[in-house]
Structures are given as C-alpha cells and as structure tokens.
Amino acid sequence: CPYRGLQTFEAEHAEFFFGREALITQLVTTLATLHPSDSSAAEGGNAPIRFLAVIGASGSGKSSLVRAGLVPALQHGALPGSDQWTVVMLKPGSRPLEGLATRIAPVLYERGEQLTAARHLLDSLRDDGRALRLALRLAWKRQSPGQMLVLIVDQFEEIFALCQEEAEHHRFIENLLYAASSEGEVMIVLTMRADVCHSGAAYRDLATRISAQQVLVGPMDRAELRRAIERPAHQVGLR
C-alpha cells in the first residue's frame, strides 16, 4: 500500500510523496538565498540568517513536506554541497534542551564519548545561549569548511504546549537563533502550526525571524490532490 493515511511521510517514503512539488521547490529556493555559494556575503559582514519557518494549519502536511520533500532534495544535491550536509531532526517535547543535546551529541562525537558529551552539552545549553554554535565549531574545526548542519525542529510549538519552564524556552530559542545568526555551520528549519504562532511573539528575536523568513503551507489545489492520489498508485503498478 503506497498510502500513509494520517501518518507523516518520512524521507524513506519520498517515492510516494506527490502533490507538493511547487512547495518543495520554494523551500529549496528560499534556502539557497540563505546559503550563498561563495563567502563574499560573510566577508562583507552581511551573512544571511540561516533560519526558515514552515508554517501551516494543523494537518496541512508541514512535517511531511519537510521530511519527505525537503530532506531528500537536499540529500540529492538540490543545493551546492547539500548531499554532504548533516541533517538532524528534532521534536522538542517536554524537555527541548535535553532532546537537542541527545540529537546533536551523536553527530559530533564518537560512540564511546556520546553519553558524557551529551551530559556536558546539556549543561552548556542550559547555561549559555551560544553553546550549540560553539560546540559545533569546536568539533568540526578540522573538517571541511563546507560542513553544514541542517537542524529541523519539527512541531516547534511543542516547546510552548509541553514544556512549562520558561527558562528552558528562552535558552532553547536563544541557542537556535544564535547558531542560525552566525556564519557557517548551522541552518535552522522550523515547522509550526499557524494557530499557535502567537506563542512565540513574546520572544522578539524569534518573532522577527519568523515574520521575515517563512513559507506558508496552504491546502492542495485540484491538480495537486490528483497527483497525491494517483501517482503513488502508479508507483506500485495500480490504476
């Protein structure tokens, strides 16, 4: 069965993900403006903020668009060098900093070091809004200058719905925005429900970034719906 029902499409289901081709192109095009192919912008002090919010109504397909659309596109080289980038997917849950530390540590450290590294990284994230960027720079300083982490925070609204600690909200957001605002290693992509965007309004920098750099996910039109229904069937030899 090539259909996912109410389940999210993941990267491994990309061959069955149809109807959102125009939005995938829009996402890639937008990210291209945030990741110039040369370093002239950074050298001139005008490096773009590598942050993008994907916003839509509940059930509009934001998560599937990013997971089964954007991620495979990057993995297939939609942007220069993107097939070599590291993609980390995170849902904040009730302890967003803990989730961030446990998802980032395996990317930066060898298996035997990961537990200790995750503990230290969690402490650093709680203490310092620059910790994520600094940890990446230290771990990757000997690697290729083209190294890039794409950190996708899916269902970003969970930090407000599930996490009750305002200090944790603040540090989580601060670490994301500082990493995205610095030249180089990190690109942040959020998915967020449109009806809870107001929850982030208290964080001025976050609200500014969402307002300036977002892609809205609307309903499919008739042709897109037809592709989403027919093409998966064709993929498995059905009519």
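About the cut-offs
Residues numbered from 1 in each chain as written. Predicted model: local features only at pLDDT ≥ 70, side-chain atom pairs only at ≥ 80, totals over all residues. Heavy atoms only, no water. Salt bridge = Lys/Arg side-chain N within 4 Å of Asp/Glu carboxyl O. Helix = DSSP H or I, 4+ residues; strand = E, 2+ residues; numbered from the N terminus. Buried < 20%, exposed > 50% of the residue type's maximum accessible area, 1.4 Å probe, protein only. Pairing = 2+ DSSP bridges. Phe/Tyr/Trp six-rings, centres within 6.5 Å; stacked < 30°, edge-to-face > 60°. Expected span 1.5 Å × (residues − 1). Axes fitted to C-alpha atoms, helices over the stretch in contact; angles between N-to-C directions. Contact = heavy atoms within 4.5 Å. pLDDT = per-residue confidence, 0-100.

Peer 1: What exactly am I supposed to notice about the pattern of salt bridges here?
Peer 2: Using the criterion set out here, one finds nine salt bridges in the structure. Among the ionic pairs, Arg-227 bridges to Glu-21, the shortest N-O distance being 2.9 Å. With Arg-227 in helix 10 (residues 222-235) and Glu-21 in helix 1 (residues 21-34), this residue pair connects regions lying 206 residues apart in the sequence. By relative accessible area, which is 31% here, Arg-227 ends up partly exposed. Notably, a salt bridge pairs Glu-174 with Arg-171, separated by 2.5 Å at the nearest N-O pair. Of the two residues, Glu-174 and Arg-171 are both situated in helix 8 (residues 166-181); the distance of three residues between them amounts to about one turn of the helix.

Peer 1: In this structure, what is going on with the pairing of strand 4 (residues 186-193)? I would like to understand it.
Peer 2: Moving residue by residue along a regular strand, the side chains alternate between the two faces of the sheet. Counting buried residues in strand 4 gives seven out of eight residues, a clear majority hidden from the surface. For strand 1 (residues 51-56) and strand 4, the ladder comprises six bridges, and the chain directions are parallel. Within strand 4, the residue paired with Gly-56 across the bridge is Arg-193. Where strand 3 (residues 149-153) lies against strand 4, five bridges are found, and the strand directions are parallel. Within strand 4, the residue paired with Val-150 across the bridge is Met-187.

Peer 1: What is the right way to look at the packing of aromatic side chains in this model?
Peer 2: Within this structure, the stated rule accounts for four aromatic pairs. Taking the centre distance of 5.2 Å and the plane angle of 55° together, the rings of Phe-9 and Phe-17 count as tilted. When sorted by exposure, Phe-9 lands in the same class as Phe-17, which is buried. Both rings, one in Phe-156 and one in Phe-160, keep their centres 6.1 Å apart while their planes meet at 80°; by these two values the pair is edge-to-face. Taken as a pair, Phe-156 and Phe-160 share a single burial class, namely buried. Aromatic ring contacts, followed pair by pair, group Phe-156, Phe-160, Phe-172 and Tyr-203 into a single cluster.

Peer 1: Looking at this structure, how should I read helix 8?
Peer 2: Given a rise of 1.5 Å per residue, 16 residues ought to cover 22 Å, and the 22 Å separating the end C-alpha atoms of helix 8 matches this to within 8%. Of all the positions in helix 8, only Glu-168, His-169, Phe-172, Ile-173, Asn-175, Leu-176, Leu-177, Ala-179 and Ala-180 are classed as buried.

Peer 1: Can you walk me through the packing of helix 4 (residues 96-108) against helix 8 in this structure?
Peer 2: A pair of packed helices can be characterised by two numbers: the angle between their axes and the separation between those axes. Their axes nearest at 9 Å, the elements helix 4 and helix 8 cross at an angle of 40°. Facing Pro-96, Leu-97, Glu-98 and Leu-100 of helix 4, the residues of helix 8 in contact are Glu-168, Arg-171 and Phe-172.

Peer 1: Teacher, can you tell me more about the confidence of the model for the protein here?
Peer 2: The predicted coordinates of low-pLDDT regions are not to be read in fine detail. For the protein, per-residue confidence averages 90 on the pLDDT scale, and 92% of positions sit at 70 or higher. Looking at the elements of the protein, mean pLDDT is at its lowest for helix 2 (residues 40-43), recorded as 46, and at its highest for helix 3 (residues 62-75), recorded as 97. When the criterion is pLDDT under 50, residues 38-44 qualifies, and its contacts beyond four places in sequence or with other chains add up to five contacts.

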